[in-house]
Amino acid sequence: MSHNSRNLYKLLQTCESLNTLKQLHAVAVTTSLSSDPFILAKILALSATSAFSDLSYAQQIFLRIENPKTHEWNCMIRAFSASSTPQTALSTYTQMLISGESPDNFTFPFLLRSCSRLQPPRSGELVHVHVIKCGFDGDAYVQSSLIHMYAKWGRILCAHKVFDDITAKNIVAWTTMINGYVRAGGFEEAIRLFKVMGSENVKPDEVVLTSVLGACANLGDLELGRWIHGLLGEKDVVFSTALVDMYAKCGSIDVARELFDRMPQKDVILWTVMISGYVRCNCFREAFNLFREMCSENLMPDEGIIVNVISGCARSGDIDIGKWTHHYIEVNGADYSVMIGTALIDMYAKCGEIDVASRIFLRMQEKNVCSWNAMIGGLAMHGEAYSALDLFDQMQRSGTQPDEITFIGILTACSQVGLVGKGWHYFNCMSQAHGINPKLEHYACMVDLLGRSGLLSEAEELINNMPMEPDAVVWGALLNASRIHGNVELAEKAAELLLEMEPHNHGVYVLLSNTYGSAKRWDDVDNVRKLMKSRGITKTRGCSSIKVNGIVHDFVVGDRSPVRAKEIYEKLDSLVKDLGLMGYVAKTSNVLFDIEEEEKEYQLSHHSEKLAISFGLISTSPGAPLNIVKNLRICEDCHCFAKLASKNCGRRIIIRDLYRFHHFERGSCTCGDYW
DNA sequence: TTAGGGTTAG
């Protein structure tokens, strides 16, 4: 190396921006120093893989290298492996082989990283064969890269096979394997491996412990999580973020917040973790406050945070914040991503604005299975069963493969309109045509569908033939169906099993009691109430909220204090009267007390008032006349007034057909409000 | 020049 070359090389080593690099490159060209292989290789490396890399610039340089050696090829493969087009790394590798250069131990880790980012198996398996042929299967770096690739593809057994074949496993191999299990949802296995690692005297570091924290978070293993915290304290931001996430997911949201506040430097992921922690704990106000705090600090929220905030709105039913966030996206960014679009569809659907959800869905350029699922599920939730089924056909025509969530939406849709035959068809289709084995949730949907349609013995038979143990949701569906169809015997059986599983679930007592009430078995009603009392179980009072112009109005059963209560109840009385003229007769058999018919009817209509208001049947806007909104319907079971829409104020209205509605609170019908 | 770690939608 000449004196000039050495000086230029030194300058290149201190180069920190693309501009400087380009200037130094110009110097090299004008002084003919670019013919020096060391100089050119350094310029190539900086343009291809540095923090300020420019891939097309690197490609231009590479093309001018006459006979690139393995080192230069590696440089390009490495650059492509991290680029948005990882498949280019593979074609570069092929060109390298054609050019006559051989891969070395550095080539494969880059190449395998590219493969891990592509759909399996593509060329990944072929690269694995090359690894073996070239004799690099004993290289520790290559082995870890192979484990990583298979694990990322979800082929955890292949990954484990590679792992098992390593005679001297280093900490990186252990970490890759443990993390592979965490990604695949094998949390217990991850922790088991971590313990084996300890028994083999491999000292854990913060990287492997970060993965183990992920397993603790998902298993709710606060004890192990705390132990890890005690072991390392609060290391770098990645480890500390995993700690915050672990505490939040284990329910210790306050500890998570303390840690978050203590962090000297907060990056976007840390903010996301804290906000999503609040959303998960149903602390929506805190989540939103933190989101605004972040925005006010001029930190640009990324996709993850926005998705979190929107999903918080979907769950809390706070459409105002949802719309604010939607507006924020429209103002600050152009098109929204698949994830944000999907979250918006879900939010609008759950907040009752299915038309807005549909418009967003139609506008989305790119859709994945989640987007279709959100829309199908949204339509099903709104009782638009046939639209949901049509969309399912469209989805298949578009080439998107349905998954297990899709079928939950489809079966829910069938349940809405009592499509028993179609329900069976889709249920069977799942495994036969799509290779998806029905899970507990699908069985619960089928039991619900059959049960509601009056096919109680078929529903019971399905439960008896399930390949897994039925859970509380499945028995709950049967109990509810038994209540609807007045089958006391079956209701008792379901309730008994349910109470074994969930002795404190007041909904079970309510449903059972209602079933006895329908059968006029007042002594049994009384017994259930005594049982509840002796077990210290109290029924939470039914409550609905509606937010009008930023003010939340709560309507609790029997509470007559809401704003404009007098007007509302007067309106309601006239509504009930009109309904009577229209031929509506309240079905009072579900009311539990052995009271006069007239009194029952009164209770029913005035229970319904809060729902009528909640669901927008009666406008409560200040100054606005109390109008009855169109599309009034009555729930045959619980007599609520409902509109052809649903709101997710912690409750859902599920529509079966034009004049038959059912009002649910996550699995148990709130008809139980009529105590 | 090479391998391992944190979040997020249905």
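Above this note sits the structure.
Residues numbered from 1 in each chain as written. Chains lettered and ligands numbered in written order. Predicted model: local features only at pLDDT ≥ 70, side-chain atom pairs only at ≥ 80, totals over all residues. Heavy atoms only, no water.

## Observations concerning the overall build of chain A
We count it as follows: A run of H or I in DSSP becomes a helix once it reaches four residues, and a run of E becomes a strand once it reaches two; helices and strands are each numbered from the N terminus. With a 1.4 Å probe rolled over the protein chains alone, any residue whose accessible area is under 20% of its type maximum counts as buried; one over 50% counts as exposed, and the rest are partly exposed. Any two residues having at least one pair of non-hydrogen atoms within 4.5 Å are treated as being in contact. Per-residue and other accessible areas follow the Shrake-Rupley method at a 1.4 Å probe size, with only the shown protein chains counted as cover for residues.
In terms of regular secondary structure, chain A is built from 34 helices and seven strands. When the 675 residues of chain A are sorted by exposure, 50% land in the buried category. Of the contacts formed within chain A by residues at least 6 apart in sequence, a portion of 60% connects residues at least 24 apart. Put simply, chain A shows about 32,200 Å² of open surface, and 52% of that area lies on carbon and sulfur atoms.

## Things to note about the packing of aromatic side chains
The condition is simple: Two rings from Phe, Tyr or Trp (for Trp, the six-membered ring) form a pair when their centres sit within 6.5 Å of each other. Planes less than 30 degrees apart are called stacked, planes more than 60 degrees apart edge-to-face, and all others tilted. By definition here, charges over rings are those cases where NZ of Lys or CZ of Arg is within 6 Å of the ring centre and within 35 degrees of the ring normal.
With the rule as written, the count across this model stands at 16 aromatic pairs. Both rings, one in Phe108 and one in Phe136, keep their centres 5.7 Å apart while their planes meet at 50°; by these two values the pair is tilted. Of this pair, Phe108 sits in helix 7 (residues 107-117) while Phe136 is found in the loop between helix 8 (124-133) and helix 9 (140-152), placing the two residues 28 residues apart along the sequence. In this structure Phe136 comes out as buried when scored by relative accessible area, which is 18%. Seen in terms of ring centroids, Trp424 and Phe427 are 5.9 Å apart; in terms of plane orientation they differ by 80°. Their pairing is edge-to-face. Placement of both Trp424 and Phe427 in helix 26 (residues 420-434) is noted, with a separation of three residues, approximately one turn of the helix. Residue placement shows Lys22 over the ring face of Tyr57; its charged tip is 5.2 Å from the ring centre. Its guanidinium or amino end placed over the ring of Phe163, Lys169 lies 5.2 Å from that ring's centre, counting from NZ or CZ.

## Quick word on the protein's contact with DNA strand B
Where we set the bar: Any residue with at least one heavy atom within 4 Å of a molecule or strand is counted as near it. Contacts described as polar in this section are N or O atom pairs within 3.5 Å, which, within protein, must combine one atom able to donate a hydrogen with one able to accept it, while residues neighboring in sequence count only if both atoms come from side chains. Classification convention: Asp, Glu, Lys, Arg as charged; Ala, Val, Leu, Ile, Met, Phe, Trp, Tyr, Cys, Pro as nonpolar; all other residues, Gly among them, as polar.
With respect to spatial proximity, 53 residues lie near DNA strand B, and among them Thr241, Gly304, Asn368, Asn373 and Asp403 are the closest. Within the contact set of DNA strand B, a sugar or linking oxygen lies 3.4 Å away from a side-chain nitrogen or oxygen of Asn179. At 2.9 Å, a side-chain N or O of Asp267 approaches a base nitrogen of DNA strand B. Split into classes, the residues belonging to the surface near DNA strand B amount to 21 nonpolar, 19 polar and 13 charged.

## What to know about the layout of surface pockets
Condition: Both site types are read off a 1 Å grid over the protein atoms alone. A 1.4 Å probe that fits but cannot get out defines a cavity, while an open set with protein on both sides within 12 Å along at least five of seven lines defines a pocket; lining residues have an atom within 4 Å of a point. Grid points are joined across faces, edges and corners, and a volume is the space filled by probe spheres set on the points.
Empty space within the second largest pocket amounts to approximately 400 Å³. Considering the residues around the second largest pocket, the lining is formed by 18 residues, among which Thr241, Asp245, Lys249, Ile269 and Val273 are closest to the centre. Every element with two or more residues in the lining of the second largest pocket is listed here: helix 11 (171-184), helix 13 (206-219), helix 15 (237-249), helix 17 (268-280) and helix 19 (303-316). Broken down by element, the lining of the second largest pocket gets its largest block of residues, five residues, from helix 17. Within the lining of the second largest pocket, the residues separate by chemical class into five nonpolar, nine polar and four charged.

## Things to note about empty space enclosed by the protein
Tallied over the full model, the rule gives one cavity of 30 Å³ or more. As a volume, the largest cavity reaches approximately 60 Å³. What lines the largest cavity is simply Val279, Phe284, Ala287, Phe288, Val309, Gly312, Cys313, Ser316 and Ile321. Those elements giving two or more residues to the lining of the largest cavity turn out to be helix 18 (284-296) and helix 19.

## Quick look at the nonpolar core
The condition that has to hold: We call a set of buried residues a nonpolar core when its members are Ala, Val, Leu, Ile, Met, Phe, Trp, Tyr or Cys and they connect through side-chain atoms within 4.5 Å of each other.
Counting 186 residues, the largest nonpolar core has Phe108, Met246 and Leu344 as its most contacted members. Examining the composition of this core, we find that eight residues originate from one element, helix 21 (residues 338-350), more than from any other. Setting aside residues up to four positions removed in sequence, Met246 forms contacts with Leu213, Cys216, Ala217, Leu222, Gly225 and Arg226.

## A few points about helix 3 (residues 37-49)
Applicable threshold: The span one expects for a helix is its residue count, reduced by one, times 1.5 Å.
Its 13 residues place the ends of helix 3 18 Å apart at the C-alpha level, agreeing with the 18 Å of an ideal helix rising 1.5 Å per residue. Listed in full, the buried residues belonging to helix 3 are Ile39, Leu40, Ala41, Ile43, Leu44, Leu46, Ser47 and Ala48. Lining the buried residues of helix 3 we find helix 1 (3-13), helix 2 (18-30), helix 4 (55-63) and helix 5 (70-81). One side-chain oxygen at the N-terminal end of helix 3 lies 2.8 Å from the backbone nitrogen of Phe38; it belongs to Asp36.

## Looking at the side chain of Gln143
Mapping Gln143 onto the fold places it in helix 9. A relative accessible area of 11% means that Gln143 is categorised as buried. A distance of 3.0 Å separates a polar atom in the side chain of Gln143 from the backbone oxygen of Asp137. Excluding its chain neighbours within four sequence positions, the residues that come into contact with Gln143 are Asp137, Gly138, Val162 and Ile166.

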